[in-house]
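# Breakdown of the fold
Next come the chains, spelled out residue by residue.
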Amino acid sequence: MRKHAEKAVKAAKTALAVTLFLFCAADTAAVSQAVYSGMLRCINTVIPSLFAMLAVSSVIVRSGIAELMPKWIGRISFFLFGMDETEFPIFSFGMLAGYPVGVKMLCELYTAGRISRRRAELLSGLCFGAGPAFIFGCVSRQYFGCERIGLLILISAVSANILTALGASFFLRKSAEKQPRPRRSVTISAEMLTESVLRSGRAMADICIMVVGASVFTAFLIRTGTMAAAGELLGKLLRLGREGGEALTAALIDVTNIGSSTGGGHLLLPYVSGAVSFGGACVFFQLRALTAGKLSLKPFIIMRAAAAVISFAVCRALLPYFVFGEAMEVASVRVRGHGTDSAVPSVMLIIMVVMLMLEYGNKRGESSAYST
């Protein structure tokens, strides 16, 4: 029975890959537009909100700064969440820094042998969040056109993370190491800073590639009518209407799609908050690429599903206090562009990272040749 199920899954994957290939070959205009749209989202939203945080987080972990937290804070965090003084800063940082940052920091700790694989997998579902830059820049400003909505989603997402961490504290205490980890001395060097920036550039490239791929897959669903059918079904089940159902479906595939949606109104807000806390399929593939299969994502998906439900409930409870007096503005869903924002800084950032990577590679090649 299991072999038949595995064969069926492989056949489904093969059929999907062949179908996508035929779609890319037959409808080049739609594919080109999807790639262009995905690249614009990366340049205007993803790179500005994530690159700096990725670089800084890498420096914090590799230099040992993350382990400077006072022990009394570690005792409080262990009592509340089951996290020690090294893990609690990553939990706090991961909630606000952007989706892949916390998991990337945990993966580096695991690679360095500072935490076990089981503990890194449990913490990965908690050290996770969209971050204010994405919530205000992509969701509230572009989709709802209201900064207070961004604050509501941020409060809901952070509350969901904290409540989920309290619920998972039993398992974290159970998997805690009996022997305390020896503290590392803080070491920061020019080579470490350069390597952190280069690693962040490579990670950023993986993330952007996944966003573009998700954009093409979304275009495939739209052109085949699957998106409309799923949106209509979801809209009826949740009473959001067809446009709201399509917006939520697109967000579950790639959460950055929220900024380009055009329907749903204030009734969609709790579902958007839940989708922001969940992350979506594209984010899961990004994390899979960043961890290189070192960590299992099963605990992560379970905890993010729980956080999505909590975020939905918190947002729904607080919604009247944030949209009071602005109901007409939110319901009209005025989509705002970036105005005077320019893509030039992000493009220049990409060029600089590539130049650094090439320069660093040449130096390493020269040093290895010299040593031989």
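Scroll up for the structure.
To keep things clear, this report deals only with the structure shown in the data block.

How each quantity is defined
- Residues numbered from 1 in each chain as written.
- Predicted model: local features only at pLDDT ≥ 70, side-chain atom pairs only at ≥ 80, totals over all residues.
- Heavy atoms only, no water.
- Helix = DSSP H or I, 4+ residues; strand = E, 2+ residues; numbered from the N terminus.
- Contact = heavy atoms within 4.5 Å.
- Areas by Shrake-Rupley, 256 points an atom, 1.4 Å probe, with all protein chains shown as cover.
- Axes fitted to C-alpha atoms, helices over the stretch in contact; angles between N-to-C directions.
- Left-handed = near helix turned anticlockwise from the far one by under 90°.
- Nonpolar A, V, L, I, M, F, W, Y, C, P; charged D, E, K, R; others polar.
- Phe/Tyr/Trp six-rings, centres within 6.5 Å; stacked < 30°, edge-to-face > 60°.
- Buried < 20%, exposed > 50% of the residue type's maximum accessible area, 1.4 Å probe, protein only.
- Core = buried A, V, L, I, M, F, W, Y, C linked by side-chain atoms within 4.5 Å.
- Disulfide = S-S within 2.5 Å.
- 1 Å grid on protein atoms, 1.4 Å probe; cavity = no way out; pocket = protein on both sides within 12 Å on 5 of 7 lines; lining within 4 Å.
- Points joined across faces, edges and corners; volume = space filled by probe spheres on them.
- Salt bridge = Lys/Arg side-chain N within 4 Å of Asp/Glu carboxyl O.
- Expected span 1.5 Å × (residues − 1).
- Patch = residues over 30% accessible without salt bridge, like charges linked within 9 Å, V, L, I, M, F, W, Y side chains within 5 Å.
- Parallel < 35°, antiparallel > 145°, perpendicular 65-115°, else oblique.

## Digging into the overall build of the protein chain
The helix and strand inventory of the protein chain stands at 16 helices and 0 strands. Here the analysis covers contacts within the protein chain between residues at least 6 apart in sequence; of these, 79% occur between residues at least 24 apart. When the accessible surface of the protein chain is split by element, carbon and sulfur atoms take 68% of a total near 18,600 Å².

## Here's the deal with the packing of helix H9 (residues 190-223) against helix H13 (residues 281-291)
Contact geometry of H9 with H13 gives a least axis separation of 9 Å together with a crossing angle of 145°. Every pair of crossing elements has a handedness; the one defined by H9 and H13 is right-handed. Facing Ala-203, Asp-206, Ile-207, Met-210, Val-211 and Ala-214 of H9, the residues of H13 in contact are Cys-282, Phe-285, Gln-286, Ala-289 and Leu-290. Looking at the contact of H9 with H13, its residues break down into 9 nonpolar, 1 polar and 1 charged.

## Comments concerning the packing of aromatic side chains
Counted by the stated rule, this structure contains 10 aromatic pairs. Between the aromatic rings of Phe-88 and Phe-91, the centroid separation amounts to 6.2 Å while the plane-to-plane angle is 40°, which identifies the pairing as tilted. A residue pair is termed a helical-turn pair when its members lie 3 or 4 positions apart in one helix, as Phe-88 and Phe-91 do in helix H4 (residues 87-97) at 3 residues. Phe-91 carries the same exposure label as Phe-88, and that label is buried. Look at Phe-217 and Phe-220: their rings are 6.2 Å apart centre to centre, the planes differ by 35°, and that puts the pair in the tilted class. You can see Phe-217 and its partner Phe-220 sitting in helix H9, 3 residues apart, about one turn around the helix. When its relative accessible area of 10% is taken as the criterion, Phe-220 is described as buried.

## Quick word on the nonpolar core
In this structure, Met-83, Phe-91, Leu-126, Met-204 and Ile-207 are the most contacted members of the largest nonpolar core, which totals 39 residues. Secondary structure elements with two or more residues in this core: helix H2 (28-63), H4, helix H5 (101-111), helix H6 (117-124), helix H8 (147-174), H9 and H13. Those residues within four positions of Met-204 in sequence are excluded, and the remaining contacts are Val-46, Ile-47, Leu-50, Phe-51 and Leu-54. Ranked by size, the runner-up nonpolar core spans 35 residues in total, among them Tyr-99, Ala-275, Val-276 and Phe-284.

## Some thoughts on the state of the cysteines
Across all of its chains, the model carries 0 disulfides by this definition. Lacking any disulfide linkage, Cys-42 is separated from the closest cysteine sulfur, that of Cys-208, by 3.6 Å. For Cys-42, a relative accessible area of 3% puts it in the buried group. We note that Cys-282 lacks a disulfide partner, and the nearest cysteine sulfur, in Cys-42, lies 8.3 Å from it.

## Re the environment of Gly-167
Mapped onto the fold, Gly-167 is located in helix H8. The spatial distance from the C-alpha of Gly-167 to the C-alpha of Leu-80 is 9.8 Å, given a sequence separation of 87 residues.

## Quick notes on empty space enclosed by the protein
Scanning all chains against the criterion turns up 3 cavities of 30 Å³ or more. Each pocket or cavity is described by its volume, and for the largest cavity that value is around 120 Å³. Taken together, 14 residues line the largest cavity, and the ones lying closest to its centre are Val-46, Leu-50, Tyr-99, Phe-134 and Thr-256. Looking at the lining of the largest cavity, the elements with two or more residues in it are H2, H9 and H13. The dominant element in the lining of the largest cavity, judged by the number of residues it contributes, is H2, at 3 residues. Considering only residue class, the lining of the largest cavity consists of 10 nonpolar, 3 polar and 1 charged.

## Considerations on the pattern of salt bridges
Under the counting rule described, the total for this entry stands at 5 salt bridges. For Asp-27, the salt bridge goes to Arg-223, with nearest N and O atoms at 2.7 Å. Taken together, the positions of Asp-27 in the loop between helix H1 (2-26) and H2 and Arg-223 in helix H9 put the pair 196 residues apart, joining distant regions of the chain. Residue Glu-121 pairs with Arg-117 through a salt bridge whose shortest N-O separation is 2.9 Å. Linking Glu-121 with Arg-117, this pair stays in helix H6, spanning 4 residues, or about one helical turn. When its relative accessible area of 8% is taken as the criterion, Glu-121 is described as buried.

## Overview of helix H11 (residues 241-253)
Compared with the 18 Å implied by 1.5 Å per residue over 13 residues, the 19 Å span of H11 between its first and last C-alpha is a close match. Taken residue by residue, H11 has Gly-244, Gly-245, Ala-247, Leu-248, Thr-249, Ala-250, Ala-251 and Ile-253 as its buried positions.

## Some details on a nonpolar patch on the surface
A cluster of nonpolar side chains, contributed by Trp-72, Ile-76, Phe-79, Leu-80, Ile-162, Leu-163 and Leu-166, occupies part of the molecular surface with about 680 Å² of accessible area. When residues of the nonpolar patch are traced back to their parent elements, those giving at least two are helix H3 (71-81) and H8. Here the nonpolar patch takes 4 residues from H3, the largest share from any one element. Assignment of secondary structure puts Leu-163 in helix H8.

## Quick look at the packing of H3 against H8
How two helices pack is summed up by the angle between their axes together with the distance between the axes. Orientation of H3 relative to H8, taken along the N-to-C sense of each, is 95°, at an axis distance of 7 Å. As summarised for this structure, H3 and H8 are arranged roughly perpendicular, according to the angle between their axes. Judged by residue contacts, Phe-78, Phe-79, Leu-80 and Phe-81 of H3 engage Ile-162, Ala-165, Leu-166, Ser-169, Leu-172 and Arg-173 from H8. Its residues assigned to classes, the contact of H3 with H8 shows 8 nonpolar, 1 polar and 1 charged.

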